[in-house]
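A structural walkthrough
If you want the building blocks of each chain, they are given just below.
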Amino acid sequence: MENKKVKRFVNFRPLFVLFIAMCCGIFACVNLFLNNILPVILVGLVLLFSAVFYAISATKKNFGTNFAKHFGTDFLWKICLVIFVGIVVGAGLSAINFSVKIQRQFQNGKQHILSRVKEISASENDTIILLDKIAVNGNEKHFKIKAYISSQTTDIEIGSLIEFDGYLYQNKLVANGKISTTPLVNDVQYNCYVDIATLQINGKNSNVLDLFKNKIKMIFFDNMSQDNASFAYASICGDKALMSETYSEIFRKSGLSHILAVSGFNVGFLVSAIYFILKIFKTNKKFTFCFTTAVLVVYCILCQFSPSVFRAMVMTVCLMLGMVLGKRSDNLSNLSLAGIIVLLVQPLNLFDVGFLLSFGAVFGIFLLNKPFDKMCEKFHLYKNLYVKFVLQLVWASLSAMLGTVPFVFTFFGEMASLALLSNLLILPLVNLMYVILVFSLILNLIFPLSFLIKFSEFFVNVIVSCNAVFSQFEMIKTFAFNIFSGMSYFVILFLISPYLMLEPKRKLIASLALVVALSCVVANENLEKRFDNFGASAVSSVSNTIFLTTSNNQKILVNCGKDENDEDEIKFLLKSNKAFSLDYILLFNYSDSKQKIVCKIAKDYNAKNIIVFGKTSDSTKLGLYSNLGNVNGLQFLDGINYSFENSAFEVSVVYDGDVLMAESIVTKEASILKIEYALTPNFVEKHKTEFLTYDFAFARKYKPLYETLSIKKFLAFRLCEATTKVDCIANYDLWTNA
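Residues numbered from 1 in each chain as written. Predicted model: local features only at pLDDT ≥ 70, side-chain atom pairs only at ≥ 80, totals over all residues. Heavy atoms only, no water.

1. Details of the overall build of the chain
Along the chain, the regular secondary structure elements total 22 helices and 25 strands. Expressed as a percentage of its 738 residues, the buried residues of the chain come to 48%. Put simply, the chain shows about 37,200 Å² of open surface, and 61% of that area lies on carbon and sulfur atoms. (Helix = DSSP H or I, 4+ residues; strand = E, 2+ residues; numbered from the N terminus. Buried < 20%, exposed > 50% of the residue type's maximum accessible area, 1.4 Å probe, protein only. Areas by Shrake-Rupley, 256 points an atom, 1.4 Å probe, with all protein chains shown as cover.)

See below:
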């Protein structure tokens, strides 16, 4: 009896499979460095299966064919080969890249630095410079440094050769159990605080590109207000370093922060403009492709091959190539080719949020735009061309948003409530502004027509004003995805898409099953933990902050880091404990520099009580009151001993004059001593009656003197010799007593 030919349910796309396999290989390799074994085991099993299946099918001709018939494809053995190659290449490249980056590191400390100024920006109190062509203590280094000068200086220019002594702080490759993309993708491996007394300028070495970028910057800043000029410059060159915090916040809250970086949006619009102009001259497809690609390369050089610009250029060129080739390629394969090229250049781009958002948005459009379009045709929603244009614009924006949901939810923890509406209404205006800015800039590079720049500022003001309106609406708090829930989410999108050729009924059943599974995984990941015992946790990167829990489910955060730069580490500490709200924030030696981070954590975690210990000025109190609003639990205490009603803990503080040196927190289950400043023998002797017996003591650095105190377990944030009594939090991403 002749076998019926089985209908394929999916077409084999080698580039797409290779791209996914490379991602798996990179992910597994990096998790091996991070000591996360589960992803390594899972990817290893896939690799083993692919190798075994390919080996068997190569020796037994009928095996692969018979097996493939059950799955509706004759290419299953080829899929296994592509998967094997992709995983091996991805893992190999990421291992080499990761190892090279680690070997280039050296310890934090004061160094003598020779360098060239690549970029200059300014904050409220500092001049911030990006340095390249680095020599540290006479040894040439191939990375960049972001340096801070604690004064506004006008002597340093782009291209200046400077020499100084400064303290280098490493941007860690691995922080809080995850990859930091700053040193890996942007190659800014160190931050540096410059000793202004040692700063010398030894001439200038500007290249043509630096001078050209500076010329563009000056055209905007000489003819616009500083804030508008920084926005215009960011829109054209993708450099957000000059953007004020106010403007950045406005665009973030309106859901349009993506227009501040040169990425797919800017490049896509530039390509559309070129295509429109060349269409007037009736050029053929090949000439249009070559000319547009040349323009994109020049634009990429102008933006100095920043990761976002390079990624957008590769994606756009690959998609244009698909249009030129016609039937021989499809959008999913073109996008996959772009991803493969970007990952070959820098495998660890996979962990960059910009990479994930770019590819997620385009992937969402390719998967969902066609089903939305078919739905509109089925229900006769396309009543005329205008309605069709508006609905297709809505579906494209919605598809892009759905493609980025796991990344936006996980990396940002919140999203603009009216993001879809703001993008639909404002993006057309941004397109108009972009055209006028580019046109005005090109003319001003040839002729001094400053009035055109001033005219374009009107449109900049319109865009900023519209964003300011949308930024007034509340942000929506989001939940986090882990790797398994994220994969399930994209499998659901793939099920909905036309790329999976199953009957609608089967698609519906499979999708519903995955939605249920996804809901369970996400709920388990994001449900707040209920605590019924004492717990203490800390992260090595924030040496003044600990998180405590009590047997009656009280969640207590002791201090909030030094400033807003510690926000990610504090959120990692709380997320690791599955704490999404706080009962108490206890602040010791509070200062105005910590106001922003305290208010941010308090609002994000709905802190019920915020208690500031020690003497506090009226202006400091006013700053907290005005930023926190009506928080009933905001208290300022300058006594010594406190017992909190309806709470299972007590606090005692020890002063040296007006300086709070240490505090003790005593719960029903344990007692904790937190040493804020290094204690001296005289101080310990003077206050020995105030130091009781403690289960745990936390301090930045361990001192043998502390052995005279009655402490069962001592925790040092800095590296020290670990013993049965002393543990080093610096040895862990997250330390916990569990």
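So much for the structure itself; the text now carries on.
2. Some points on the nonpolar core
Counting 99 residues, the largest nonpolar core has Phe220, Phe231 and Phe251 as the members making the most contacts within it. Element by element, the count of residues in this core is highest for helix α13 (residues 353–378), at 10 residues. (Core = buried A, V, L, I, M, F, W, Y, C linked by side-chain atoms within 4.5 Å.)

3. Quick look at the confidence of the model for the chain
Detailed reading of predicted coordinates is not advised where the pLDDT is low. Taken residue by residue, the chain gives an average pLDDT of 81. The fraction at 70 or more is 87%. Across the chain, strand β14 (residues 555–558) holds the top mean pLDDT of 92, while helix α3 (residues 61–69) sits lowest at 58. (pLDDT = per-residue confidence, 0-100.)

4. Description of the side chain of Ser160
Within the fold, Ser160 resides in strand β5 (residues 160–170). With residues up to four places along the chain from it excluded, the contact list for Ser160 reads Ser115, Arg116, Val117, Asp155, Ile201, Gly203 and Lys204. (Contact = heavy atoms within 4.5 Å.)

5. Re the packing of aromatic side chains
Throughout the structure, instances matching the rule amount to 27 aromatic pairs. Ring centres of Phe355 and Phe359 lie 4.6 Å apart, and the angle between their planes is 40°; this geometry places the pair in the tilted category. With Phe355 and Phe359 both in helix α13, this residue pair falls 4 residues apart, about one helical turn. Three or more aromatic residues joined by ring pairs form one cluster here, namely Phe16, Phe363, Phe407, Phe409, Phe479, Phe481, Tyr489, Phe490 and Phe494. (Phe/Tyr/Trp six-rings, centres within 6.5 Å; stacked < 30°, edge-to-face > 60°.)

6. Focus on the sheet that holds strand β12 (residues 535–538)
Spatial strand order, β17-β16-β15-β14-β13-β12-β25: 7 strands in an open sheet with mixed pairing. Unpaired on one side and paired on the other, β17 (633–637) and β25 (735–736) mark the two borders of the sheet. Sheet analysis places β12 next to β25, joined by 2 bridges and oriented antiparallel. For Ala538, the partnering residue across the bridge sits in β25 and is Trp735. (Pairing = 2+ DSSP bridges.)

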